[in-house]
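# Commentary on secondary and tertiary structure
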Amino acid sequence: MADVPKREIENVEFVFEVMGSAGEGIDAVDLGDALRALNLNPTLALIEKMGGTKKRNEKKIKMDEFLPIYSQVKKEKEQGCYEDFIECLKLYDKEENGTMMLAELQHALLALGESLDDEQVETLFADCMDPEDDEGLIPYSQFIQRLMSDPVVFD
């Protein structure tokens, strides 16, 4: 049963209880959410490669199928960490004081990489962002800390 420690198997079982059922499994459309609930950060491309679907009720993933997926995603190196995200946002920090324009962050989230839609960005900002100051600046390190400590779930 994959190289997953007993404690992590218990966590997977809990995720399956919440998101599906131990017998039937979880819907493949929820694969990314299940992995994120287990503190992993897979890309959309990786989720698709591992068997995630875009439509509900196309496929179910049972626990014995999920554990090797979990194990493999856990080994992936391209997930990024706090320091990586800070280094990226420093590119937008014109005054080198830990702040950036809120509009620039919004543009990056909407247009770059695995882009989000307007509604997702608004949810993200509501959950993780302090209000911008009079000049339209936000402290980006606090945003990243909140984002990484308490993942935002999009419906």
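It should be emphasised that the depicted structure is a prediction, and the values quoted were computed from it without experimental measurement.

### With respect to the packing of helix α6 (residues 102–111) against helix α7 (residues 118–128)
The geometry of α6 relative to α7 is characterised by a closest axis approach of 10 Å and an angle of 130° between their N-to-C directions. As the angle between them shows, α6 and α7 are arranged oblique. Judged by the sense of rotation from one axis to the other, the crossing of α6 with α7 is right-handed. Residues Leu102, Leu105, Gln106, Leu109 and Leu110 of α6 form the contact with α7, whose participating residues are Asp118, Val121, Glu122, Leu124 and Phe125.

### Here we look at the pattern of salt bridges
Side-chain pairs of opposite charge can arise where the charged atoms are in close proximity. The tally for this structure, following the rule as stated, stands at nine salt bridges. A salt bridge links Glu10 to Lys6, with the nearest nitrogen and oxygen atoms 3.5 Å apart. Here Glu10 and its partner Lys6 are both found in helix α1 (residues 6–19), four residues apart, which amounts to about one turn of the helix. For Lys6, a relative accessible area of 64% gives the class exposed.

### Topic: a negative patch on the surface
Taken together, Glu95, Glu132, Asp133, Asp134 and Glu135 make up a surface patch of like negative charges. Assignment of secondary structure puts Glu95 in the loop between α5 (82–90) and β3 (99–101).

### Concerning the domain arrangement of the protein chain
For the protein chain, the assigned domains are domain 1 (4–73) and domain 2 (80–146). The C-alpha-based centres of domain 1 and domain 2 are spaced at 29 Å.

### Describing the environment of Asn97
One can find Asn97 in the loop between α5 and β3. Residue Asn97 is classed as partly exposed on the basis of its relative accessible area of 43%. In the structure, Asn97 is positioned twelve residues away from Phe85 in sequence and 16 Å away in space, judged by C-alpha atoms.

### Focus on unusual backbone geometry
It is generally the case that most residues other than glycine have a negative phi and that most peptide bonds are trans. At Asn39, a residue that is not glycine, the phi angle is positive and equals roughly 65°. On the secondary structure map, Asn39 appears in the loop between α2 (31–37) and α3 (44–49). Residue classification places Asn39 among the exposed residues on the basis of a relative accessible area of 68%.

### Digging into the environment of Ala34
Tracing the backbone shows Ala34 in helix α2. On the accessibility criterion, Ala34 (0% relative accessible area) is buried. For the pair Ala34 and Gly20, spaced 14 residues apart in sequence, the C-alpha separation works out to 10.0 Å.

### Quick look at α7
Along α7, the positions that sit buried rather than exposed are Val121, Leu124, Phe125 and Cys128. Projected down its long axis, α7 carries its buried residues within an arc of 95°, all on one side. Residues of α7 that are exposed and angled more than 90 degrees away from the buried face: Glu119, Ala126 and Asp127. The backbone nitrogen of Glu119 has a side-chain oxygen 3.2 Å away, supplied by the residue at the start of α7, namely Asp117.

### Points about the nonpolar core
In terms of nonpolar packing, the biggest core is built from 22 residues, with Leu31, Leu35 and Phe66 touching the most fellow members. Of all the secondary structure elements, the ones that give two or more residues to this core are α1, α2, α3 and α4 (63–75). Here the element with the most residues in this core is α4; it accounts for six residues. Among residues more than four places away in sequence, those in contact with Leu35 are Leu40, Pro42, Phe66, Ile69, Tyr70 and Val73.

Conventions adopted
Residues numbered from 1 in each chain as written. Predicted model: local features only at pLDDT ≥ 70, side-chain atom pairs only at ≥ 80, totals over all residues. Heavy atoms only, no water. Axes fitted to C-alpha atoms, helices over the stretch in contact; angles between N-to-C directions. Helix = DSSP H or I, 4+ residues; strand = E, 2+ residues; numbered from the N terminus. Parallel < 35°, antiparallel > 145°, perpendicular 65-115°, else oblique. Left-handed = near helix turned anticlockwise from the far one by under 90°. Contact = heavy atoms within 4.5 Å. Salt bridge = Lys/Arg side-chain N within 4 Å of Asp/Glu carboxyl O. Buried < 20%, exposed > 50% of the residue type's maximum accessible area, 1.4 Å probe, protein only. Patch = residues over 30% accessible without salt bridge, like charges linked within 9 Å, V, L, I, M, F, W, Y side chains within 5 Å. Areas by Shrake-Rupley, 256 points an atom, 1.4 Å probe, with all protein chains shown as cover. Lys, Arg positive; Asp, Glu negative; His and termini not counted. Charge placed at Lys NZ, Arg CZ, Asp CG, Glu CD. Domains from an automatic or database assignment. Arc of directions from axis to C-beta. Polar contact = N/O pair within 3.5 Å; in protein donor to acceptor, adjacent residues only side chain to side chain. Core = buried A, V, L, I, M, F, W, Y, C linked by side-chain atoms within 4.5 Å.

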